[in-house]
Amino acid sequence: MNRLFGSTIRLFVFAAFLVFCCFSAVSKAADPSNVTASSSGWTITADTKAGTLLLSHDSLGVVLKDITLNVRNRNYLRPLKEWTVVKQVDNRLELRTEHPASSWTFELNHDNIIFSATTADLFLSAKAPASSDRVVARLIDPAGVPVNWRGTEEITVSWNGQDTQNPSFLPSRNPEVMTFALGQVSSSNLHSLFDRKMDIALNFSDQTTMSRNIQDHDLLDLVIPVPGSTILRLIPDYYTKNLGLPYYSRFDDSVFPSAPLIWGSWTAYYYEARESDIIANTDWLAQNLKPYGFQYVQLDDGYDRGKDEGHYWIENWNKTLFPHGPGWLANYIKSKGLHPGLWLVPNSYAGFIGTHPEWYLYNKSGNVIQDYKTPALDHTNPAVQDWLDKLFTTLKGWGFEYYKFDGEFSLPKYVPDLDTSRLFDNSIDPLTAYRERLKLIRKVIGPETFVEGCVAGTPLNGIGYFNSCFNGDDMYNSWKGSYAVFSSINANAFLNHMVMYVMPGEGIDVSPLMSVEESRQKMAPRSIQVALTREDPFTGFGTTLPEARTLVSIISLTGVAYPLTSIMPRLPEERVSLLKMTMPTLPIIPVDLFSRGSDITWDKFKFTTPESYIHNYPEIIDLKVNAISGIYDVAAFTNWRGEKISKSLSLPDKLGLESGRSYIIFDFWNQKLMGISNEMIDVDIEPHDTRVLLIHKIQGQPQLIGNSRHISGVHSIIDLKWNAAEKMLRGESETISGELYSLFVYVPDGMYLANVKAVTKDNREVPATSVVAGNLLKISLEGQADPVQWQVQFSNGSRNGR
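Residue numbering note: each chain is counted from 1, following its sequence as written. A pLDDT threshold of at least 70 governs which residues receive local features in this predicted model, and a stricter bar of 80 or more applies before side-chain atom pairs are shown or counted, although totals over entire chains, interfaces and linings include all residues. Only hydrogens and water are set aside; all other atoms, that is, all heavy atoms of the structure, feed into the side-chain values.

1. Some thoughts on the overall build of the protein
Where we set the bar: Labels follow the DSSP assignment, with helices taken as runs of H or I lasting at least four residues and strands as runs of E lasting at least two, numbered in each case from the N terminus. Between buried and exposed lies partly exposed: a residue is buried under 20% and exposed over 50% of the maximum accessible area for its type, with that area taken using a 1.4 Å probe on protein chains only. What makes two residues a contact is simply this: any of their non-hydrogen atoms within 4.5 Å. Residues scored as charged are limited to Lys and Arg (positive) and Asp and Glu (negative), so that His and the chain ends carry no count. Where a charge sits is defined by one atom per residue type, namely NZ (Lys), CZ (Arg), CG (Asp) or CD (Glu).
Summing up its helical and strand segments, the protein has 15 helices and 44 strands in all. Over its C-alpha atoms, taken along the principal directions, the protein stretches across nearly 105 × 80 × 65 Å. Counting only residues that meet the buried cut, the protein has 57% of its 802 residues in that class. In the protein, 72% of the contacts between residues at least 6 apart in sequence involve partners at least 24 apart. Placing the 73 positive and 88 negative side-chain charges of the protein at their respective mean positions leaves the two points 5 Å apart.

Pasting the structure below:
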C-alpha cells in the first residue's frame, strides 16, 4: 500500500514537472516582448525589452539589425528605447513612443519597405551586414543621361548578325566621377548595397548615411532619416534584369584573386611574331617586370596557318617561325618563371573538312560557316566534343596555362544565315549546347588555367566559365589607338571582379612618340595598315609621357587586367618605371554598378580628333581604400583635352569625404606633399595627363601617406602601427631586392624626427636615409629579398634629417 502510494506521488510529481516544462516552453515561444510581422519574403521582429528591431529577407538573411528609433536633439541622436507595439498585421507593424509622442509604421511590400513616422527630426539607426559578399554600391540611375552599352560591330560585319545593345544611364549626380573600392569601404555619397551571391541590390534613400563600423568591418552603421516616409528598395536579379547580362554568377576569385598581367604579341607583331620575338620579350619581362608581379606571355595569331589560310591549332605550327615547336616554347616561358598563353578559336578547325564534312556548320546556301577564316564546327556532335577534348588535352600537355578564345560565341544562336536543320542535334537550345562546350573545356584544362573570352559583339554567355572577357575594339599603338582601351573600361568596368575580369584590350603601348617614317622602319607592316584604316591623317605611333601616365594610372586604379603590347626591350627606363610603379594588379571591385556606355568605333579618328571627341570617360577615378596602409582615397584626375586645365573641387561633393575635416594631399607621380585641404582642392593638369592624389584624413599624428612602390599606397605594406605612448610609427614592407624603396610620412607641426631604423626579419640592419621637407618625411632604403621591418621615432624636440 505504501509502495503504491509512493508510486502515485512520484507519478503526480513527474506529471506536474511535464506540465511546467510545456508551459515554460509555450511561454518562451510566445514571448510577448517579441512581435513579428512577415510578408513578401520580409520579416521584421520588434524586441520591446531591448527597444530594437531586426529586419531580414528570405533571400538575404539579416538586412538590418539593432534598429533603433531616434529623435534628433540638437547635434546628436537620442535613442527612443521605450515604445509599444500598437498594431501588427501580416505586412505592417506600428509602434508608438510617449516622450516625444510619435507613431512609426513599417510596411512590408513585395520589393520594398516603407518606413513612416509622424514627427519631424526622427531617424532610424541600424547595423547592416556588409562583408565582402555584400558591398557598397552606386546603382544605375534612370534619372541620369541615357547611354548605350553595346558589343562590338564584329558580329554584324563578319556574320550579318545583330549586335548586342542594352540601355544604361550615367548617374545624375557627379557623372564625371567613377568609383572603385579596395577593401571594405564606405562613403557619405554611397547609399546602396549589392549582394554578390544573390544578385540582389538594396537601395536606401539618398539621405541615408553609411559608415564602416570601427570594431567590425563586416558591418555598416546606418542612419536613416524618416522625414514623414522613406523607402528601402530591394532590386532582385540586378545584373540580369536591370543591366542586361544573360547570366549571373558571382566570380570565383579563389584561384585568381586579382586580374592578370599579360603581354600579348598581336599589336606589336600581328601575324609576323617569331619564336625569337617571344623569347626576347619573355627574357625582358622576366628580368624587369616579373619581380613586380608580371605573369603571362601570350602568343597570338600567326603560328599555325595552312595553305588554305585556315587554322589547325595543334597540327600545323610554322616551323620557320617556330623551329622548336609549341611545347618547347611553353616550357621556355615557364623556365623564366612566367606562364605561357595561346590565342585560338575553339569554334573552328580546318583539319576535318575533307574527311568529316558532317562535323561542320553550314549556311542556308550550303556553304561552310567560317570563324576567323576557318571552317566552324558543330559542337552538338559528340565526335566534335571528343576532338575538343583531344585539342585541350594536347595543349595542356604542352604546358599552356592561359587561353585567349577569339570569335567566341554560339554561332547557331547568333548567325542568322546558319542552317540549323543540318546540326547534328537541333533539339538542343544553342546556348545550352554552347555552355556545355565551355564546361567540357573547363573540365579538361582545370580551374587553374586562365581563359579569356572575346565574344565578337554577342552577349556574355560565357559567364561562369570565362576568367576574363574582352568586349571592345582592338587598340593600336598610339594615344588615339588607346581610346579603345578607355572605352572598354568605361563600358565594362562594372563587370570586373563581379562576374569576370575585364580585359580592356590586346595591350597598352607606353613607347615614346615615333614619327611616321620611324614607325614604318620599326613596326610590323600590318601595324601601319591597321592605323591607316582607323585614323586620318596617320601621325605615327607612341605616346607622350603624360599620355603614358594616364594609361597606366587608369589600368592600375580600376583593377582590370593589365595588358601590354609594346616591343618590351625597346622601352626606355622612364617608361619602364611607370609600369613598375603600377604593378601588380590589386583585388579592386567597382562601386559603380552600371555601364557608362560604349562609344568608340573602328574608324572614329577618321572623323574627329581627341580634342573634339565628345565622350563619357571619367574625369575623376576615385579608388576608396580600407587596407593595412590605412583608410583613404586615391583620386586620379584626367585631362582628356589638348590644353592645360585647372580645376577647383569639393572633396565632400565629388568624393563623398566627410565635411568639416582636414585632409592631407599627397601627389603620387610627383612624390610630394601638396598640402592640407579643408574640403576644397585646386588641381592643374597638363594635356592628356593624369594627376594621382592620395587623400588621407588628418589624424593629428605622424601618418604614412604613400610609398614609391605602388600607385595605390597599399601594395608592399605588410604591417603598420602607431604607438602614441612611444611616439613610434612601425611597419613592415615587401620590397624589390636591389631597388630603391621610399616611404612618405606626414609629420604634424610640433613633432620631429628622432631616428629611423630598418632591419630584415633576421635582424640584419638595412641602411636607411631620411629627408624632411616641411611636413613631409621621406625615408629611403635599398630593397631586400625578405620583408623589411622599419620604425620611425618621433619627439617633441628639434628637427633631425640626414
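Alright, that's what it looks like, and here's the rest.
2. What about the environment of Phe251?
Within the secondary structure, Phe251 is located in the loop between helix H3 (238-242) and strand S20 (261-264). The class for Phe251 is buried, based on a relative accessible area of 4%. For the pair Phe251 and Lys396, spaced 145 residues apart in sequence, the C-alpha to C-alpha distance is 24 Å. Discounting chain neighbours no more than four positions away, the residues touching Phe251 are Phe256, Phe466, Asn467, His497, Met498, Val499, Met500 and Tyr501.

3. Focus: the nonpolar core
Short version of the rule: To qualify as a nonpolar core, a set must consist of buried Ala, Val, Leu, Ile, Met, Phe, Trp, Tyr and Cys residues joined through side-chain atoms within 4.5 Å.
Membership of the largest hydrophobic core comes to 189 residues, with the highest contact counts inside it found for Tyr239 and Phe392. Among residues more than four places away in sequence, those in contact with Phe392 are Leu344, Pro346, Tyr403, Phe405, Ile441, Val444 and Ile445. Core analysis: the next-biggest nonpolar cluster, separate from the first, contains 20 residues, Leu753, Val766, Leu777 and Val788 among them.

4. Observations concerning helix H10 (residues 483-492)
Turn by turn, an α-helix covers 3.6 residues, leaving residues three or four places apart pointing in a common direction. Counting buried positions along H10 yields ten of ten residues, so the element is predominantly enclosed. Residues of H10 that are buried: Tyr483, Ala484, Val485, Phe486, Ser487, Ser488, Ile489, Asn490, Ala491 and Asn492. Of the surrounding secondary structure, the elements contacted by the buried residues of H10 are strand S12 (146-150), strand S14 (177-182), strand S26 (501-502), helix H12 (525-534) and helix H13 (545-558).

5. Notes on unusual backbone geometry
In this model, His99 is joined to Pro100 through a cis peptide bond whose omega is 0°. As for its position among the elements, Pro100 is in the loop between strand S7 (92-97) and strand S8 (102-108). With an omega dihedral of 5°, the bond running from Met583 to Pro584 counts as a cis peptide bond. With respect to the helices and strands, the residue Pro584 is situated in the loop between helix H14 (573-580) and strand S28 (589-590). Unlike most non-glycine residues, Asp237 shows phi in positive territory, near 50°.

6. Points about the environment of Lys404
Spelled out, the test is: Nitrogen and oxygen atoms within 3.5 Å of one another constitute a polar contact, given that in protein one can donate a hydrogen and the other can accept it, and given that sequence-neighbouring residues count only through two side-chain atoms.
The residue Lys404 is located in strand S23 (residues 402-405) in this model. Overall, the relative accessible area of 4% leaves Lys404 in the buried class. Counting along the chain gives 104 residues from Lys404 to Asp300, while the straight-line C-alpha distance between them is 8.3 Å. Residue contacts for Lys404: discarding those within four places in its chain leaves Gln298, Asp300, Leu342, Trp343, Leu344, Glu452, Cys454 and Glu506. Here Asp300 takes part through its side chain, which lies 3.0 Å from a polar atom of the side chain of Lys404.

7. Some points on the packing of H10 against H13
Which entries qualify depends on this criterion: Every angle, taken between N-to-C directions, lies between 0 and 180 degrees, and every axis is a line fitted to C-alpha atoms, over only the stretch in contact when it is a helix. Orientation is classified from the angle alone, with under 35 degrees giving roughly parallel, over 145 giving roughly antiparallel, 65 to 115 giving roughly perpendicular, and any other angle giving oblique. Crossing handedness is defined as follows: a turn of the near helix away from the far one that is anticlockwise and smaller than a right angle gives a left-handed crossing, while the clockwise case is right-handed.
The geometry of H10 relative to H13 is characterised by a closest axis approach of 11 Å and an angle of 25° between their N-to-C directions. What the angle tells us is that H10 and H13 run roughly parallel. Of the two possible hands of crossing, H10 and H13 adopt the one that is left-handed. Residue-level contacts link Val485, Phe486 and Ile489 of H10 to Thr550, Leu551, Ile554, Ile555 and Thr558 of H13.

8. Let's talk about the packing of aromatic side chains
Put simply, the rule reads: Here a Phe, Tyr or Trp ring, Trp counted by its six-membered ring, pairs with any other such ring whose centre lies within 6.5 Å, and the pair is stacked when the planes are under 30 degrees apart, edge-to-face when over 60, and tilted otherwise. Here, over-ring charges are defined by two tests on the NZ atom of lysine or the CZ atom of arginine: distance to the ring centre within 6 Å, and angle to the ring normal within 35 degrees.
Summed over all chains, the structure comprises 48 aromatic pairs. Ring geometry for Phe392 against Tyr403: centres 5.4 Å apart, planes inclined by 90°, an arrangement best described as edge-to-face. Of the two residues, Phe392 sits in helix H7 (residues 382-398) while Tyr403 sits in strand S23, which places them eleven residues apart along the sequence. Grouping residues by exposure puts Phe392 and Tyr403 together as buried. Ring plane angle 75° and centroid distance 4.9 Å describe the contact between Phe486 and Trp640, whose orientation is recorded as edge-to-face. With Phe486 in helix H10 and Trp640 in the loop between strand S31 (630-638) and strand S32 (645-650), the pair connects residues that are 154 residues apart, well separated along the chain. Taken together through their ring pairs, the aromatic side chains of Trp479, Tyr483, Phe486, Phe605, Tyr613, Tyr617 and Trp640 make up a single cluster. The positively charged end of Arg422 is found above the aromatic ring belonging to Tyr362, 3.8 Å away from the centroid. When the ring centre of Trp602 is taken as reference, the NZ or CZ atom of Arg534 above it lies at 3.9 Å.

9. A look at the pairing of strand S11 (residues 134-139)
Put simply, the test is: Between any two strands, pairing holds if DSSP finds at least two bridges.
Burial runs high along S11: six of the six residues are buried. With four bridges connecting them, S11 and strand S15 (residues 192-195) associate as antiparallel partners. If you follow Val136 over to S15, its bridge partner there is Leu193.

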